[in-house]
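Observations on the model geometry
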Amino acid sequence: MSEEATTKPIQIAAAVTVSDFAASLGTPVTKVIGELMKNGVMATINETIDFDTAAIIGSDLGFEIIPEPVVVEPSVKDRPKLAEGVGVARPPIVAVMGHVDHGKTSLLDAIRSADVAAGEAGGITQHIGAYQIKRGERWITFLDTPGHEAFTAIRKHGARMTDVAVIVVAADDGVKPQTKEAIKHAQDAGVQLVIAVNKVDKPGADPNRVRQELSELGLVAEEWGGTTVMVDVSAKTGQNVEQLLDMVLLVADIEDLRAEEDAASDGFIIESHLDPGRGPVATLLVLNGTLNTGDIVVCGNAYCKIRSLEDYRGKRIKKAGPGMPVAVSGFKAVPNFGDSFREVADEKTARELVSKVARQDSIKSMVKVKKIGLEELQGAITAGNVKELNVVVKADVQGSLESLTESLNNLRNDEVAVKIIQSGVGELSESDITLAKTTGALLLGFNVSLSSAVKQLANREQVNVQLYRVIYELLDDVRDILGQMLPPEIIETVTGELKILGVFKTTKTAVVCGGQVVSGKVAPKTVMRITRKGEVIGTGTLTSLQKDKQEAKEVFEGEQCGTNVSTVTPIEVGDVLQFFTTESKARTL
Ligand code: GDP
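So, a few notes on the structure that sits alongside this text. Throughout, a residue's number is its position along its own chain's written sequence, starting from 1. pLDDT decides what is reported in this predicted model: residues at 70 or higher carry local features, side-chain atom pairs at 80 or more are listed and counted, and totals for whole chains, interfaces and linings draw on all residues regardless. The basis for the side-chain values is all heavy atoms of the structure; hydrogens and waters are excluded.

**Let's talk about the site of the ligand**
A single heavy atom is enough: if one lies within 4 Å of a molecule or strand, its residue is considered near that molecule or strand. Contacts to the ligand come from 15 residues, most closely from Asp101, Lys104, Thr105, Ser106 and Asp201. Separating an oxygen atom of the ligand from a backbone N or O atom of Gly103 is a distance of 3.0 Å. Within the side chain of Ser234, a nitrogen or oxygen atom sits 3.3 Å from an oxygen atom of the ligand. Expressed as a share of its isolated accessible area of 570 Å², the protein-covered part of the ligand is 72%. Numbered from the N terminus, helices here are DSSP runs of H or I no shorter than four residues, and strands are runs of E no shorter than two. Sorting elements by how many residues they give to the shell around the ligand places helix α4 (residues 104-113) first, with 3 residues. Here the shell around the ligand is composed, by residue class, of 2 nonpolar, 7 polar and 6 charged. Side-chain atoms alone can form a polar contact between residues adjacent in sequence; in general such a contact is a pair of N or O atoms within 3.5 Å, and within protein one must be able to donate a hydrogen while the other accepts it. Here the accessible surface of atoms and residues is derived via Shrake-Rupley with a 1.4 Å probe, and residues count as covered only by protein chains that are part of the display. Charged residues are taken to be Asp, Glu, Lys and Arg, nonpolar residues to be Ala, Val, Leu, Ile, Met, Phe, Trp, Tyr, Cys and Pro, and polar residues to be all remaining types, Gly included.

**Some points on helix α9 (residues 241-254)**
What a helix is expected to span follows from its residue count: subtract one and scale by 1.5 Å. With 14 residues, α9 should cover 20 Å at 1.5 Å per step; its first-to-last C-alpha distance of 21 Å lies within 8% of that length. Burial classification: accessible surface area is computed with a 1.4 Å probe over protein chains only, and a residue below 20% of its type maximum counts as buried, one above 50% as exposed, and the rest as partly exposed. Inspection of α9 places Val241, Leu244, Leu245, Met247, Val248, Leu249, Val251 and Ala252 among the buried residues, and these make up the whole buried set. Phi turns positive one or two residues past the end of α9, at Asp256, with a value near 50°.

**Regarding empty space enclosed by the protein**
Cavities and pockets were defined on a 1 Å grid built over protein atoms only: a cavity is a set of grid points that admits a 1.4 Å probe from which the probe cannot escape, a pocket is an open set flanked by protein on both sides within 12 Å along at least five of seven lines, and lining residues are those with an atom within 4 Å of any such point. Grid points are joined across faces, edges and corners, and a volume is the space filled by probe spheres set on the points. Per the counting criterion, the structure on display carries 2 cavities of 30 Å³ or more. Counted as a void, the largest cavity has a volume near 70 Å³. Among the elements that line the lining of the largest cavity, the one with the most residues is strand β3 (residues 48-50), at 3 residues. Of the residues contributing to the lining of the largest cavity, the split by class is 6 nonpolar, 4 polar and 4 charged.

**Observations regarding the nonpolar core**
Across soluble globular proteins, you tend to see nonpolar side chains buried next to one another. Judged by nonpolar contacts, the single largest core of 43 residues is most densely connected at Phe21, Leu389, Leu408, Leu474 and Val478. No other element matches helix α14 (residues 471-485), which puts 7 residues into this core. We call two residues in contact when some of their heavy atoms are within 4.5 Å. Every residue in contact with Val478, bar those within four places of it in the chain, is listed here: Leu389, Leu408, Leu411, Val418 and Leu444. Counting 31 residues, the second largest nonpolar core, distinct from the first, contains Val96, Val229, Leu245 and Val248. The definition of a nonpolar core used throughout is a set of buried Ala, Val, Leu, Ile, Met, Phe, Trp, Tyr and Cys residues joined through side-chain atoms within 4.5 Å.

**Digging into unusual backbone geometry**
Look at Asn240: it is not a glycine, yet its phi comes out positive at around 65°. Position of Asn240 relative to the elements: it lies in the loop between β11 (229-232) and α9. Although it is not a glycine, Gln462 sits at a positive phi angle of roughly 55°. When you line up the elements, Gln462 lands in the loop between α13 (452-461) and β26 (465-468).

**Remarks on the sheet that holds strand β7 (residues 130-135)**
Any two strands are treated as partners once DSSP identifies two or more bridges connecting them. Pairing is mixed across the open sheet formed by 6 strands, whose spatial order is β7-β8-β6-β9-β10-β11. Edge positions in the sheet fall to β7 and β11, since each has one partner strand and no second. Going from strand to strand, the sheet's axes swing by 30° on average, the running direction of each strand aside. Relative to strand β8 (residues 138-143), β7 runs antiparallel, the two sharing 6 bridges. Within β8, the position partnered with Gln132 by the bridge is Thr141. Across the face of the sheet, helix α7 (residues 177-189) comes into contact with β6 (93-98), β9 (164-170) and β10 (192-198) while running at roughly 165° to β9. For every element, the axis is a line fit to its C-alpha atoms; helices are fit only across the contacting stretch, and the angle between N-to-C directions ranges from 0 to 180 degrees.

**Brief notes about the state of the cysteines**
Disulfides are defined in this document as cysteine sulfur pairs within 2.5 Å. Overall, the coordinates contain 0 disulfides when judged by the stated rule. Unpaired in this structure, Cys304 has its nearest cysteine sulfur neighbour in Cys299, at a distance of 7.9 Å. Overall, Cys304 belongs to the buried group, its relative accessible area being 0%. Summary of cysteine pairing: Cys513 is not part of a disulfide, and the nearest cysteine sulfur, belonging to Cys561, is at 8.4 Å. Classification of Cys513 as buried rests on a relative accessible area of 1%.

**Notes on the environment of Leu108**
Mapped onto the secondary structure, Leu108 falls in helix α4. As a C-alpha pair, Leu108 and Tyr131 span 23 residues in sequence and 9.5 Å in three-dimensional space.

**Let's talk about the packing of helix α1 (residues 18-25) against helix α2 (residues 29-38)**
Where α1 meets α2, the closest approach of the two axes is 9 Å, and the angle between their N-to-C directions is 115°. Here α1 lies roughly perpendicular to α2, going by the angle between them. In this structure, the crossing between α1 and α2 has a hand that is right-handed. Listed contacts from α2 to Val18, Ser19, Phe21, Ala22 and Leu25 of α1 are Val29, Val32, Ile33 and Leu36. Throughout this description, any angle smaller than 35 degrees is read as roughly parallel, any larger than 145 degrees as roughly antiparallel, any in the 65 to 115 degree range as roughly perpendicular, and the remainder as oblique. Left-handed describes a crossing in which the near helix is turned anticlockwise from the far one by less than a right angle; the clockwise case is right-handed.

**Quick look at the pattern of salt bridges**
For this analysis, a salt bridge means a side-chain nitrogen from Lys or Arg found within 4 Å of a carboxyl oxygen belonging to Asp or Glu. A complete count under the given rule lists 24 salt bridges for this structure. For Glu347, the salt bridge is made with Arg351, and the minimal N-O distance between the two is 3.9 Å. In this pair, Glu347 and Arg351 both sit in helix α10 (residues 347-365), 4 residues apart, roughly one turn of the helix. A relative accessible area of 26% places Glu347 in the partly exposed class. Three or more residues are tied together by salt bridges with common partners; here these are Arg135, Glu242 and Asp246.

**Details of the side chain of Asn198**
Inspection of the secondary structure puts Asn198 in strand β10. Judged by relative accessible area, Asn198 falls into the buried class, the value being 2%. Not counting chain neighbours up to four residues away, the residues in contact with Asn198 comprise His102, Gly103, Val168, Val169, Ala170, Ala171, Val233, Ser234 and Ala235.

Spelled out as structure tokens, the structure:
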């Protein structure tokens, strides 16, 4: 280490530019570039290096580099509370969860149809992943992502996006595994709970049994002296649905939900799809601020200049405030369900953020396929005086490509070498695959990604593609393959020597003789050389061994024994049988 180790570890992202990296270290850029060069990485100030490279270079420079923590989407709960008096009340966001068939969909429908505002608007049902209802003067936002698979998604993300979870339990069926799971998710996320004991209209309904079962899970109903709000409802008859809504508002009030209408907006993506006519369309749930047409928002690897906003009734609107779900068109790509979004100042910022995420994603996707075995590479090896491994090399920038090809050319000895069929800069393309296929070469990619089309072609053509983010890993793997191409080293160990003192019978294929073990030990089935006056005159195997006229498993130095040797070489008194084992050892370059 060239410098004293700093005590404070330095956080670095999955990918970082050389200049940003130097700035984080507080080290001159030239020094970082120099250190990279020493390690065989040619990178200019604006080029990006990955975390692993940064960690190596950083530690060479005396720093401890640690990965930047993965950014977790902020939970509604994690959001810092606005100061007293700041902002306006925002509608609570509610998810309906529970066991399958307990009536989630029915309850969402019942709530929706109980809403006067929706009825007035003509009631055209739009499924945008959420809807709003008005109870008195107050709005409530319900996530209504339908279907079973959506439930799984809501379970994963929903509790995090919501303020209140309504847990639906059918009164004729009671607490079921998914009920428990839903409760756990809601509790883990720290959201308020309201239990809807549903289907109370059914003859077999037993709401008290549900309360009993819930109390066993630590959820004791208010009317039983506990703190959990439970309402008996029927999604079918509409009984107590309004009371349920009042209870939802009541528990939401505990949270004092407020938001700033005029701040830059942020929130979550709660639905997204590719509309044949309109392109990518997503439903954004605004948590803070107000979305307007023309605003620019970024979420993960997609951004959007908002072309149009539509509310849950399909009505075009100009702006969407806190707590509102809104269908948005104008996205450049389909954003992911559950991703958070935020408004940015201009398209340039949006593009920069998105390309940063895309870059990190592509680096993340560069998983090494698997350690490649020699059998799979037979096509890439040309035999000759020097066995050659054919490779095609692609790298992200000229600098890395040059240092790579030079290092690969240096990986050789008298028996094996790398033959670079072609090298180039840029992403892996279909023509790289074709070339690798025709030449039987192994395709090596450094800091480049593999699009799914190219990957499919590679699979179809059975071309071996190995992707790397770290130069040494690439070189180590190639060195390893070259090592495997070297014929193994045979290691021989002499285990014992037997001096022949008498020969009793000699046939064409065997000799019965006896002697004394002069070194080591002698055991049946061991291979041997027959030596006479120090010279090898033949080979054989010991088929049986006797000591004191008894079969023996082994006879040691100084002891005498009789043997039966399978050999075509006649053995004479005075010869020495040398027993040995062999072991083949893989070589390395
Ligand atoms: P989900 O799987 O939780 O969304 O359950 P659904 O809403 O699809 O309801 C499952 C079944 O229960 C349907 O056949 C509904 O008609 C029925 N159901 C739902 N709520 C009630 C209710 O309050 N009373 C009665 N009698 N049936 C209900």
